[in-house]
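# Understanding the architecture of this molecule
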Amino acid sequence: MTAFVTALGFFLSSIVVLLLLCFVLILLFTLLLNIWCGVPFVPTPHVVVRSMVDLARLKPGDRVFDLGAGDARLLVTAKKNEKNIEAIGYELAPLALLLAKLRLFLSGYRADMRMKNFLSEDVSDADVIFLYLSPEYMVKLAPKFNRELKKGTKVISHAFTFKDREPQEVGLVQHRFSRRPTKTYLYIW
Ligand SMILES: C[S@@+](CC[C@H](N)C(=O)[O-])C[C@H]1O[C@@H](n2cnc3c(N)ncnc32)[C@H](O)[C@@H]1O
């Protein structure tokens, strides 16, 4: 009996150590990826998410992308707003991807989460694109969007703007993590 209890204790503690190790590895890999791509996983505050989804004025049948989807909060809110959209998220960081899967599971909504670099992916069939990236990514994405996007595609960016392009609308959102209002930008390509 004592041998059984000892063996069980050893087995359970091995599982805990293994799970902890997996978590540390996922965290490390996420950190390395974020350093490599230059954009950390920083989720958009919920009040800003709602303002971005409002700016999108979603219609049934829209194909909605989040490039660097994080924990999929934008896609889930978009689905809540209009359930007949197709939601696609690109995300490289494993921790963010794990949280996205969990959020989607708990919400009951479906989105196609792809662990791929969105810079190498075709986005020509997008109707709406959400972004929360960096000034450098905005510079990289502008020529890609010029090549690929169809006329009228809506691009909604949190905080960062495109050079040489005027936004159609600018939203101002006050939230508790910043003293000044955050800006959201709607571009029509
Ligand atoms: C600032 S977070 C925004 C997350 C989410 N869109 C939001 O607003 O809550 C940016 C995310 O983009 C991801 N990312 C950065 N470069 C990427 C790339 N080239 N391909 C896919 N994901 C990328 C990062 O891992 C990070 O999770």
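Just so we're clear, the structure is a prediction, and the values are computed from it rather than from any experiment. (Residues numbered from 1 in each chain as written. Predicted model: local features only at pLDDT ≥ 70, side-chain atom pairs only at ≥ 80, totals over all residues.)

If you look at soluble globular proteins, the nonpolar side chains tend to sit buried side by side. Counting 46 residues, the largest nonpolar core has Met52, Leu75, Ala78 and Ile129 as its most contacted members. Those residues in contact with Leu75 that lie beyond four places of it in its chain are Val64, Asp66, Ala69, Ala87, Gly89 and Ala111. (Core = buried A, V, L, I, M, F, W, Y, C linked by C-beta atoms within 7 Å. Buried ≥ 20, exposed ≤ 12 C-beta atoms within 10 Å, placed from the backbone. Contact = placed C-beta atoms within 7 Å.)

In this section: the environment of Ala126. Position of Ala126 relative to the elements: it lies in the loop between strand S3 (112-114) and strand S4 (128-131). Filtering out sequence-adjacent residues up to four positions away, Ala126 remains in contact with Arg63, Phe65, Leu149 and Thr153. (Helix = DSSP H or I, 4+ residues; strand = E, 2+ residues; numbered from the N terminus.)

The subject of this paragraph is the pairing of strand S2 (residues 86-90). Across the five residues of S2, four count as buried, placing the element largely inside the fold. Bridging between strand S1 (residues 63-67) and S2 involves five bridges; their strand directions are parallel. The residue bridging Val64 from the neighbouring strand is Ala87, located in S2. Handedness of the S2-helix H4 (residues 94-107)-S3 crossover: right-handed. (Pairing = 2+ DSSP bridges. Right-handed = clockwise from strand over helix to strand, strands pointing away.)

A few words now on the site of the ligand. Taken together, 24 residues lie around the ligand, and Phe41, Thr44, Gly68, Gly70 and Tyr132 are the ones closest in. Looking at the shell around the ligand, the elements with two or more residues in it are helix H1 (2-37) and helix H3 (73-81). Here the residues of the shell around the ligand are counted per class, giving 15 nonpolar, six polar and three charged. (Near = placed C-beta within 6 Å. Nonpolar A, V, L, I, M, F, W, Y, C, P; charged D, E, K, R; others polar.)

An α-helix turns once per 3.6 residues; consequently, residues spaced three or four apart project the same way. Here H4 is 14 residues long and its end C-alpha atoms lie 20 Å apart, about the 20 Å a rise of 1.5 Å per residue gives. Of all the residues in H4, the buried ones are Leu95, Ala96, Leu97, Ala100 and Leu104. Backbone geometry just after H4 places Gly108 at a positive phi near 85 degrees. (Expected span 1.5 Å × (residues − 1).)

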